[in-house]
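The primary structure of each chain is shown beneath.
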Amino acid sequence: MPKTIYVLNGPSLNLLGERQPEIYGRATLADVEKLCRATAKRHGLAVKFRQSNHEGEIVDWIQEARAKKAAGLIINPAGYTTTSVAILDALVTLKAPVIEVHISNIHTREEFRRHSYVSKAARAVVCGFGINGYALAITGLAALIGVKV
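Parameters at a glance
- The residue numbers shown here count from 1 along each chain, following its written sequence.
- Per-residue local features are limited, in this predicted model, to residues with pLDDT of at least 70; the limit for side-chain atom pairs, both in listing and counting, is 80 or more; totals at the level of whole chains, interfaces and linings are taken over all residues.
- With hydrogens and water set aside, each side-chain value is computed from the structure's full complement of heavy atoms.
- Secondary structure follows DSSP: runs of H or I at least 4 residues long count as helices, runs of E at least 2 residues long count as strands, and numbering of each begins at the N terminus.
- We compute the radius of gyration from the C-alpha atoms alone; for a globule the expected value is 2.2 Å times N to the 0.38, where N is the number of residues.
- Accessibility here uses a 1.4 Å probe with only protein chains present; expressed as a share of the type maximum, an area under 20% marks a residue as buried, one over 50% as exposed, and anything in between as partly exposed.
- Residue contacts are counted whenever heavy atoms from the two residues lie within 4.5 Å of one another.
- Only the protein chains shown count as cover for residues, and the accessible areas themselves come from Shrake-Rupley with a 1.4 Å probe.
- We count Lys and Arg on the positive side and Asp and Glu on the negative side, and we leave His and both chain ends out.
- A single reference atom marks each charge: NZ on Lys, CZ on Arg, CG on Asp, CD on Glu.
- Whenever two N or O atoms come within 3.5 Å, that pair is a polar contact, provided that in protein one can donate a hydrogen and the other can accept it, and provided that, for residues adjacent in sequence, both atoms are side-chain atoms.
- Pairing between strands requires that DSSP locate at least two bridges from one strand to the other.
- Whether a crossover is right-handed comes down to one check: with the strands pointing away from the viewer, does the path from the first strand over the helix to the second run clockwise; if it does, it is right-handed.
- Between Lys or Arg on one side and Asp or Glu on the other, a salt bridge is scored when a side-chain nitrogen of the former is within 4 Å of a carboxyl oxygen of the latter.
- Among buried residues, those of type Ala, Val, Leu, Ile, Met, Phe, Trp, Tyr and Cys that are joined through side-chain atoms within 4.5 Å constitute a nonpolar core.

## Observations concerning the overall build of the protein chain
Of regular secondary structure, the protein chain possesses five helices and five strands. Secondary structure of the protein chain in N-to-C order comes out as β-α-α-β-α-β-α-β-β-α. In terms of C-alpha radius of gyration, the protein chain reaches 14 Å, essentially the compact-globule figure of 15 Å for 149 residues. In terms of its C-alpha atoms, the protein chain occupies a principal-axis envelope of roughly 40 × 30 × 25 Å. Looking at the protein chain as a whole, 48% of its 149 residues qualify as buried. Restricting the contact set of the protein chain to residue pairs at least 6 apart, pairs at least 24 apart contribute 76%. Of the accessible surface of the protein chain, which amounts to about 7400 Å², a share of 52% is contributed by carbon and sulfur atoms. Placing the 19 positive and 12 negative side-chain charges of the protein chain at their respective mean positions leaves the two points 10 Å apart.

Structure below.
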């Protein structure tokens, strides 16, 4: 049975491809999911892929990943990056590695976007590669947990 990783997406990522395509590109969240599943499969991993506009639901999924002993977790917290201590508190309970992903380079954008609470719990951060950052994060996570890369 393959190891399972969680890929969690925060608010407004359901509008990917429509919302600010000049920043986030034209790919949809369905495209991201397809990319994640294909990349994970190459590494012998299974994926739980989810998106929510609700902070508490994301916290619940992080706790689910902990309870089910997920091999790792990738999160694009989107708007919760700069605000959610609750998501940070949930992430620090995980024993598995956490990778933070952002489609845009948050460090070249508005000042308020440059601070991430989530980074405090992340083993690594990938930003600025568009949706390909998810594939990079999965490949990096696979290396961290010792599966085929």
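## A few points about the side chain of His 102
You can see His 102 is positioned in strand E4 (residues 98-102). Side chain to side chain, His 102 and Glu 100 meet in a polar contact 2.6 Å long.

## Let's talk about the pairing of E4
Counting buried positions along E4 gives five out of five residues, so the element sits mostly inside the fold. Burial of the side chains of E4 extends over both faces: Val 98, Glu 100 and His 102 are buried on one face and Ile 99 and Val 101 on the other. As judged from the three bridges shared by strand E3 (residues 72-76) and E4, these two strands associate in the parallel manner. Opposite Ile 75, over in E4, you have Glu 100 as the bridge partner. With helix H4 (residues 85-91) bridging E3 and the parallel E4, this β-α-β connection has right-handed handedness.

## Regarding the pattern of salt bridges
Scanning all chains against the criterion turns up two salt bridges. Glu 33 is paired through a salt bridge with Arg 37; the nearest N and O atoms lie 2.9 Å apart. Placement of both Glu 33 and Arg 37 in helix H2 (residues 29-42) is noted, with a separation of four residues, approximately one turn of the helix. Given a relative accessible area of 27%, Glu 33 falls into the partly exposed group. In this structure, the salt-bridge partner of Glu 64 is Arg 50, at a minimum N-O distance of 2.9 Å. Here Glu 64 is found in helix H3 (residues 55-67), whereas its partner Arg 50 is found in strand E2 (residues 45-51), with 14 residues between them in sequence. The exposure class assigned to Arg 50 is buried, which follows from its relative accessible area of 19%.

## A look at the environment of Lys 69
Relative to the assigned elements, Lys 69 resides in the loop between H3 and E3. Judged by relative accessible area, which is 71%, Lys 69 ranks as exposed.

## Quick notes on the nonpolar core
Counting residues in each nonpolar core, the largest one holds 27 residues, and the members touching the most others are Ile 5, Val 7, Val 32, Leu 45, Ile 74 and Tyr 134. Elements supplying a minimum of two residues to this core: strand E1 (3-9), H2, E2, E4 and helix H5 (132-145). Here this core gets six residues from one element, more than from any other, and that element is H5. With near-sequence residues (within four places) excluded, Val 32 lies in contact with Leu 16, Phe 49, Ile 131 and Tyr 134.

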